[in-house]
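Spelled out from the first residue to the last, the chains are:
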Amino acid sequence: MAQGNLARTYQLLGQYDLAIKYYVDSLSYMVEGSDDIAKAAHTLRLAEICWQAKDNQQATKWFKTVKESDLNRNHKIVYKQLATALTL
């Protein structure tokens, strides 16, 4: 979780390369089943960061791996906005 928090901070600061690094690193520590909600949120943020960095191809790649059913209400809003932005 700490890496995810750090990644989110870098995202908000516009330091996308560092944000991506920490989100990707955080995924390697996640356990299938018990971390599904965090994994969905982190992959959604990875898609969002790539979109913010104007890399729609990579954003779409990450977006397609997000399990929407594991997102909380607030993340579902971001999911729908990003789907519209990526025209998916």
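Above this text you will find the structure in question.
Residues numbered from 1 in each chain as written. Predicted model: local features only at pLDDT ≥ 70, side-chain atom pairs only at ≥ 80, totals over all residues. Heavy atoms only, no water.

Undergrad: Looking at this model, I keep getting lost on the packing of helix α2 (residues 16-27) against helix α3 (residues 36-52). Mind explaining?
TA: Two numbers describe how α2 lies on α3: the axes approach to 10 Å, and their chain directions differ by 155°. With respect to each other, α2 and α3 are oriented roughly antiparallel. The handedness of the crossing between α2 and α3 is left-handed. On α3, the residues touching Y16, A19, I20, Y23, V24, S26 and L27 of α2 are K39, H42, T43, R45, L46, I49, C50 and Q52. Classifying every residue of the contact of α2 with α3 by side-chain character gives 9 nonpolar, 4 polar and 2 charged. (Axes fitted to C-alpha atoms, helices over the stretch in contact; angles between N-to-C directions. Helix = DSSP H or I, 4+ residues; strand = E, 2+ residues; numbered from the N terminus. Parallel < 35°, antiparallel > 145°, perpendicular 65-115°, else oblique. Left-handed = near helix turned anticlockwise from the far one by under 90°. Contact = heavy atoms within 4.5 Å. Nonpolar A, V, L, I, M, F, W, Y, C, P; charged D, E, K, R; others polar.)

Undergrad: Help me out: how do you make sense of the packing of aromatic side chains in this one?
TA: In this description, a pair of aromatic rings is defined by centroid distance and the angle of the planes. Taken as a whole and judged by the stated rule, the model has 2 aromatic pairs. With a centroid separation of 5.8 Å and an interplanar angle of 15°, the aromatic rings of Y10 and Y22 are classed as stacked. Separated by 12 residues along the polypeptide, Y10 in helix α1 (residues 2-12) and Y22 in helix α2 bring together distant segments of the chain. Summarising the aromatic geometry, the rings of F63 and Y79 are spaced 4.5 Å apart at their centres and angled 20° between planes, so their arrangement reads as stacked. Placement of the pair is F63 in helix α4 (residues 56-63) and Y79 in helix α5 (residues 73-85), with a sequence separation of 16 residues. Across this residue pair, the class does not change: F63 and Y79 are buried. The cationic tip of K21 hangs over the ring face of Y22; the distance from NZ or CZ to the ring centre is 4.6 Å. Above the ring of W62, the side-chain terminus of K61 is found at 5.7 Å from the ring centroid. (Phe/Tyr/Trp six-rings, centres within 6.5 Å; stacked < 30°, edge-to-face > 60°. Buried < 20%, exposed > 50% of the residue type's maximum accessible area, 1.4 Å probe, protein only. Lys NZ or Arg CZ within 6 Å of the ring centre and 35° of its normal.)

Undergrad: Even after reading the chapter, I still don't get the nonpolar core, so can you show me in this structure?
TA: Across soluble globular proteins, nonpolar side chains have a tendency to be buried as a group. Within the largest apolar cluster, 23 residues are counted, with the highest numbers of intra-cluster contacts made by L44, W62, F63, L71, Y79 and L82. When residues of this core are traced back to their parent elements, those giving at least two are α2, α3, α4 and α5. Here the element with the most residues in this core is α3; it accounts for 7 residues. (Core = buried A, V, L, I, M, F, W, Y, C linked by side-chain atoms within 4.5 Å.)

Undergrad: How should I be thinking about the pattern of salt bridges in this particular structure?
TA: One side chain can pair with another of opposite charge once the charged atoms of both are near each other. On inspection of all chains with the given rule, the structure shows 5 salt bridges. Members of the salt-bridge network, linked through shared partners, are R8, R45 and E48. (Salt bridge = Lys/Arg side-chain N within 4 Å of Asp/Glu carboxyl O.)

Honestly, that's just the spatial picture; any functional story needs more than this.
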